[in-house]
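# Chain and residue survey
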Amino acid sequence: MKNLLEAHAVSKNFGDFTALNNVSISVPKGSVFGLLGPNGAGKTTLIRVINQITMPDSGHVILDGEPLQSHHVQNIGYLPEERGLYKSMKVGEQALYLAQLKGLSKAEAKIRLKYWFERLEIGDWWNKKIQELSKGMAQKIQFVVTVLHEPKLLIFDEPFSGFDPINANLIKDEILRLKENGATVIFSTHRMESVEELCDHIALIHQSNKILDGKLTDIKRQYKTNTYEVGINAPDKITLAETISKKFNASLTDFRSLNDELKLNIKLAENESANDLLSYLTSIGQVSHFVELIPSANDIFIQAVKNN
Ligand code: ADP
Ligand code: MG
C-alpha cells in the first residue's frame with residue numbers, strides 16, 4: 001500500500017532537550033495510524049512538525065510523494081491538542097467562520113455544518129455562545145470544523161481527552177467512518193487502552209524515540225505469548241490443578257465468570273498447540289472458558305520499553 005505520509009529521521013531539540021530523536025513513521029493511505037506514548041513522549045512535537053508549525057532540526061516529511069510544502073496545509077485537517085474557540089461568538093457563527101477559512105463557501109459550509117451538527121446531536125447549540133458550552137461540547141464543534149472540508153489527511157492530537165466515554169465512542173465511530181470514506185487518519189493518545197480497535201498501524205513513542213511501529217495485528221502476533229486463559233471444573237479442583245500443572249506451564253488467574261471453576265493461565269511451549277491443550281482439558285474436566293490472551297497495546301508498550 002502506498003504511504004500518504006512519511007516522516008524521515010525527524011529530530012527536534014528545544015535548547016539542550018531533545019523532544020524528537022530521529023523519528024520516522026510511514027502512514028499508509030487509507031489507514032488509521034495511532035501515535036501512542038505517555039505524556040511528554042514527543043507526539044505533539046511530531047504532529048506540529050507534520051503541520052509545519054514547528055521546523056525540525058533535521059529530517060524531512062513527505063506528503064503524497066512530495067516534500068512537505070506550505071500549500072499542503074489545505075490537504076490536512078488538524079485538531080490541535082490545545083483547543084481554543086472565541087468565547088463570545090455564537091457556535092454557528094464561529095463554525096461558519098472557521099469553515100470559510102478552510103476554503104468552503106458560506107452556503108456550502110452551512111449545508112455541511114447542519115449535516116454534522118445533526119450527526120453529532122449538537123444541532124440545538126447553533127445559537128448558543130461558546131462560553132456556555134462544556135469542554136466536551138466545544139470539542140465536538142472543533143472536531144466538526146476539522147473534518148468539514150474533507151481533507152485527505154486528518155490529524156487529531158489527543159481527540160478523546162475531555163470526552164466522557166459515550167462521546168469518546170461516538171468520535172471513535174466517526175473516525176472509522178471517515179476512514180471508510182477514504183480519509184487517512186493520524187491521531188495521538190497517551191491512553192493506550194481505549195483505542196486499539198481504531199488503529200491499523202501504530203508507532204510507540206517513548207522519551208523522544210520511536211521504540212516500535214508497524215501493523216497492529218503483526219505487532220500483536222509478534223508479542224503474543226501463546227498463553228490461554230482457561231476455566232475448567234471437576235469435583236476435586238486441587239487435584240485438577242496439580243494434574244494440569246504436571247503437563248503444562250499453568251498459573252492461577254482470575255476472571256469474571258458465573259461458574260465456580262478453576263481459573264488458570266496456561267502458556268504453551270513451542271511444540272504444543274491450542275488443540276492439544278483443549279483436548280487434554282476436556283478429557284479431565286468440564287471446560288467452561290478458553291480464550292487466547294492477546295497482548296494489549298499497553299502490554300506491548302511495557303514490553304517494548306523493557307526490550308529497549
Ligand atoms: P506529548 O505530546 O507526547 O505529550 P510533547 O511533544 O508535547 O509530548 O512534548 C515532548 C517534550 O518536549 C516535553 O518534555 C515538552 O515539555 C517538550 N517541549 C515541547 N514543546 C516545547 C517547546 N516549545 N519548548 C520547550 N520544550 C518543549
Ligand atoms: Mg501531546
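Computed from a predicted model, the values in this text were never measured in an experiment. (Residues numbered from 1 in each chain as written. Chains lettered and ligands numbered in written order. Predicted model: local features only at pLDDT ≥ 70, side-chain atom pairs only at ≥ 80, totals over all residues. Heavy atoms only, no water.)

### Here's the deal with the environment of Thr282
- Along the chain, the position of Thr282 falls in helix α8 (residues 274-284).
- With 50 residues separating them in the primary sequence, Thr282 and Ile232 have C-alpha atoms 8.5 Å apart. (Helix = DSSP H or I, 4+ residues; strand = E, 2+ residues; numbered from the N terminus.)

### What about the site of ligand 1?
- Taken together, Phe14, Phe17, Ala19, Pro38, Asn39, Gly40, Ala41, Gly42, Lys43, Thr44 and Thr45 make up the full set of residues near ligand 1.
- At a separation of 2.8 Å, an oxygen atom of ligand 1 approaches a polar side-chain atom of Lys43.
- One nitrogen or oxygen atom from the side chain of Thr44 is found 2.8 Å from an oxygen atom belonging to ligand 1.
- Contact with the protein chains hides 60% of the accessible area of ligand 1, taken as 560 Å² for the molecule alone.
- The set of elements that each furnish at least two residues to the shell around ligand 1 consists of β2 (17-28) and α1 (43-50). (Near = heavy atom within 4 Å. Polar contact = N/O pair within 3.5 Å; in protein donor to acceptor, adjacent residues only side chain to side chain. Areas by Shrake-Rupley, 256 points an atom, 1.4 Å probe, with all protein chains shown as cover.)

### Considering the coordination of the magnesium ion (ligand 2)
- At the metal site, the magnesium ion (ligand 2) is ligated by Thr44 (OG1) and Glu81 (OE), and these contacts range over 2.0 to 2.6 Å. With a gap of 37 residues between them, Thr44 in helix α1 and Glu81 in the loop between β6 (76-79) and α2 (91-101) connect regions that are remote in the sequence.
- For Glu81, a relative accessible area of 33% puts it in the partly exposed group. (Donors = N, O, S within 2.8 Å, 3.2 Å for Na, K, Ca; no water. Buried < 20%, exposed > 50% of the residue type's maximum accessible area, 1.4 Å probe, protein only.)

### Details of the sheet that holds strand β3 (residues 32-36)
- The 6 strands are arranged β6-β7-β8-β3-β9-β10 in an open sheet whose pairing can be described as mixed. Where the open sheet ends on each side, the last strands, each with one partner, are β6 and β10 (209-215). Across the sheet, the mean angle from the axis of one strand to that of its neighbour is 15 degrees, orientation sign disregarded.
- As defined by bridge partners, β6 adjoins strand β7 (residues 153-157) across 4 bridges and the pair is classed as parallel. (Pairing = 2+ DSSP bridges. Axes fitted to C-alpha atoms, helices over the stretch in contact; angles between N-to-C directions.)

### Considering the pattern of salt bridges
- Applying the stated criterion across every chain yields a total of 14 salt bridges.
- Across the pair Arg221 and Asp218 runs a salt bridge, and its minimum N-O distance is 3.2 Å. Taken together, the residues span about one helical turn, with Arg221 and Asp218 both in helix α6 (residues 216-223) at a distance of 3 residues.
- The exposure class of Arg221 is exposed, given its relative accessible area of 54%.
- Under the relative-accessibility criterion, Asp218 is labelled partly exposed at 41%.
- The shortest N-O distance in the salt bridge between Lys237 and Asp260 comes to 3.4 Å. (Salt bridge = Lys/Arg side-chain N within 4 Å of Asp/Glu carboxyl O.)

### Section: empty space enclosed by the protein
- One pass over the structure, following the stated rule, counts 1 cavity of 30 Å³ or more.
- Volume-wise, the largest cavity comes out at about 40 Å³.
- Residue lining of the largest cavity: Glu158, Pro159, Phe160, Ser161, Ser188, Thr189, His190 and Arg191, and that is the complete set.
- The class makeup of the residues in the lining of the largest cavity is 2 nonpolar, 4 polar and 2 charged. (1 Å grid on protein atoms, 1.4 Å probe; cavity = no way out; pocket = protein on both sides within 12 Å on 5 of 7 lines; lining within 4 Å. Points joined across faces, edges and corners; volume = space filled by probe spheres on them. Nonpolar A, V, L, I, M, F, W, Y, C, P; charged D, E, K, R; others polar.)

### Considerations on the layout of surface pockets
- By volume, the largest pocket is sized at about 490 Å³.
- Lining the largest pocket are 19 residues, with Tyr78, Pro80, Leu98, Lys102 and Val145 positioned closest to its centre.
- Those elements that place two or more of their residues in the lining of the largest pocket are β6, α2 and α4 (135-147).
- The space that makes up the second largest pocket amounts to roughly 300 Å³.
- In terms of lining, the second largest pocket is formed by 17 residues, of which the most central are Arg83, Lys135, Ala138, Gln139 and Gln142.
- Among the residues making up the lining of the second largest pocket, the classes are represented as 4 nonpolar, 7 polar and 6 charged.

### Remarks on the domain arrangement of the protein
- On domain assignment, one finds that the protein holds domain 1 (3-221) and domain 2 (225-292).
- For domain 1 versus domain 2, the distance between C-alpha centres works out to 44 Å. (Domains from an automatic or database assignment.)

### Examining the packing of aromatic side chains
- Here the structure, examined in full by the defined rule, presents 7 aromatic pairs.
- An angle of 70 degrees between the planes, with centres 6.4 Å apart, marks the rings of Trp116 and Phe143 as edge-to-face. Residue Trp116 is located in helix α3 (residues 106-119), and its partner Phe143 is located in helix α4; the two are separated by 27 residues in the primary sequence.
- Judged by its relative accessible area of 1%, Phe143 is buried.
- Residues Tyr228 and Phe290 carry aromatic rings whose centres are separated by 5.2 Å and whose planes lie at 25 degrees to one another, so their mutual orientation is stacked. With Tyr228 in strand β11 (residues 227-233) and Phe290 in strand β14 (residues 286-292), this residue pair connects regions lying 62 residues apart in the sequence.
- Residue class for Tyr228 comes out buried when judged on its relative accessible area of 11%.
- Each residue in the set Tyr115, Trp116, Phe143 and Phe156 is aromatic and connected to the rest through ring pairs, giving one cluster. (Phe/Tyr/Trp six-rings, centres within 6.5 Å; stacked < 30°, edge-to-face > 60°.)

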